[in-house]
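Fold and geometry: a report
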Amino acid sequence: MSGITKIAVMRSQLGRVRGLGAAHGGTHHWWAQRLTALALLPLSLWFVLSVLRLGGLPRSAVAHFASHPVNAALLAGLVLATFHHAQLGLQVIVDDYVHHERARMATLLAIRGVAALLGLIALFAIGRLAFSG
Amino acid sequence: MTDTREALMVGRTSDGRLVQRPLSPHLQVYRPQITSVLSILHRATGIALSAGTLLLVWWLVAAARGDAAYAAVAGFVRSPLGILLLFGWTASLWYHFCAGLRHLAWDAGVGYELPTMHRSGRAVLIATAVLTLLTWIVGVAAM
Ligand code: HEM
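Calculation rules
Residues numbered from 1 in each chain as written. Chains lettered and ligands numbered in written order. Predicted model: local features only at pLDDT ≥ 70, side-chain atom pairs only at ≥ 80, totals over all residues. Heavy atoms only, no water. Contact = heavy atoms within 4.5 Å. Buried area = accessible area lost by both parts, 1.4 Å probe. Salt bridge = Lys/Arg side-chain N within 4 Å of Asp/Glu carboxyl O. Polar contact = N/O pair within 3.5 Å; in protein donor to acceptor, adjacent residues only side chain to side chain. Helix = DSSP H or I, 4+ residues; strand = E, 2+ residues; numbered from the N terminus. Nonpolar A, V, L, I, M, F, W, Y, C, P; charged D, E, K, R; others polar. Phe/Tyr/Trp six-rings, centres within 6.5 Å; stacked < 30°, edge-to-face > 60°. Buried < 20%, exposed > 50% of the residue type's maximum accessible area, 1.4 Å probe, protein only. Expected span 1.5 Å × (residues − 1). Arc of directions from axis to C-beta.

**Brief notes about the interface of chain B and chain A**
You'll often see interface size given as the accessible area lost when the parts meet. In this assembly, 44 residues from chain B lie in contact with 47 residues from chain A. With both chains or domains summed, chain B and chain A bury close to 3,800 Å², and 74% of this area falls on carbon and sulfur atoms. Taken together, the connections running from chain B to chain A amount to 3 salt bridges. Across the pair D96 of chain A and R43 of chain B runs a salt bridge, and its minimum N-O distance is 3.0 Å. One can count 5 residue pairs in polar contact (both at pLDDT 80 or more) joining chain B with chain A. Looking at the side of chain B that touches chain A, the elements that each hand over two or more residues are β1 (10-12), β2 (18-20), α1 (34-65), α2 (67-78), α3 (80-107) and α4 (114-142) of chain B. Looking at the side of chain B that touches chain A, the element that brings in the most residues is α1 of chain B, giving 15 residues. In the side of chain B that touches chain A, the residues fall into 26 nonpolar, 10 polar and 8 charged.

**Looking at the packing of aromatic side chains**
Overall, the coordinates contain 8 aromatic pairs over all chains when judged by the stated rule. Look at W30 of chain A and W31 of chain A: their rings are 5.8 Å apart centre to centre, the planes differ by 90°, and that puts the pair in the edge-to-face class. Arranged with centres 5.4 Å apart and planes meeting at 55°, the rings of W58 of chain B and F76 of chain B form a pair that is tilted. Taken together, the residues W58 of chain B in helix α1 and F76 of chain B in helix α2 connect sequence positions 18 residues apart. By relative accessible area, which is 23% here, F76 of chain B ends up partly exposed. Joined through ring pairs, the aromatic side chains of F47 of chain A together with W59 and W89 of chain B make up one cluster.

**A short note on α2 of chain B**
Across its 12 residues, α2 of chain B extends 16 Å between first and last C-alpha, which sits within 8% of the 16 Å expected from 1.5 Å per residue. Those residues of α2 of chain B lying buried are A69, Y70 and V73 of chain B. Projected down its long axis, α2 of chain B shows its buried positions confined to an angular sector of 100°, all on one face. Facing away from the buried side of α2 of chain B by over 90 degrees, the exposed positions are D67 and A68 of chain B. On its buried face, α2 of chain B is in contact with α3 (59-67) of chain A together with α1 of chain B.

Listed below in C-alpha cells is the structure:
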C-alpha cells in the first residue's frame, strides 16, 4: 500500500463505540423502529380496507364495526404501533437536523408528549366506541 | 482539535488507500438520483403520515362523541381541502408502505446490488401509483 493518508482524530475507537454518535444510543431504537414497521404492514393494510368498507356509511356503522372485539383490538394495535413508530422516526429526523442540544431535547420531549397524548386520546375514543356500539 | 465527526468519514478506496468520505449526500453538490430521491421521499412521507395522525384521531374521537361530531368529519373529508389531504395521505401511506418493505428487505441483507436497487426503486414508484389509484377507485365507488 502506497501513499497512506493519515487522518488525525482526537477520539479513540472505544470512545466512538461508547459515544454512539449524535443520539447517544441506538440498537434498541433501531429494533423498535423495525418491529413497529413490521406490525404496521398488516395493520395499515387492514385499516385501509376497513375504511374503504365504512366510507359513506353513517356513524352507527363505525360504532358497530368498532364494537367487534377483534376490530377494537386491531384499531388499538394500529394506534399503538403508529404513534410509537412515528415518534421513533421523528426522533431520527430531529437527531439529524437539530444540532443545538437544548433545542434537540426540547423538540424530542414535545414530540413524545404530543404522540403520547394523541395516542391516549385515540385509545379512549376506541374504548368508548367499542363499549357503546 | 480535530472535528471528531471526521472519525466517521474514514473509508478505503478499492485499492486500499485511506480516504475521507463525506458523511452524507450534500444536496447542493449531488445530482439527484433515484436512490437519493426515494430516500428523502421516505422521510417526507414519514413526516406527512405523522401529521396525518391528527385526522385519524379526529375521526375516532368524532365517532365516539356522536352523530353531529361525526357529520363534521365526514363533511370535511368530502370538502376540496379534505379530499386533497386524504389523497396526499393515501399516496404517502402507500409510498411509505412500499419503500418500508424495501427498507426491511435491506435490513435482512437482501437487494443491495445497484441494478437490483434501481429496479426495486422503480417498482416502489409503480406500486405506489397503482395502489393509490386503486384505493381511490374503490373509495369513490363505495361513496
Ligand atoms: C405502513 C407501514 C409502515 C412501514 C412498513 C414503515 C417502515 C419504516 C421504516 C423501515 C423506517 C426506517 C427507515 C430508515 O431507517 O431510514 C421508517 C421510518 C419512518 N416512519 Fe414508517 N413505516 C410505516 C408506517 C408509518 C406511519 C403510519 C408513520 C406515521 C404515522 C410512519 C412514520 C415514519 C417516520 C417519521 C419515519 C422516519 C423517517 C426517517 O428517518 O427518515 N411510518 N418507516
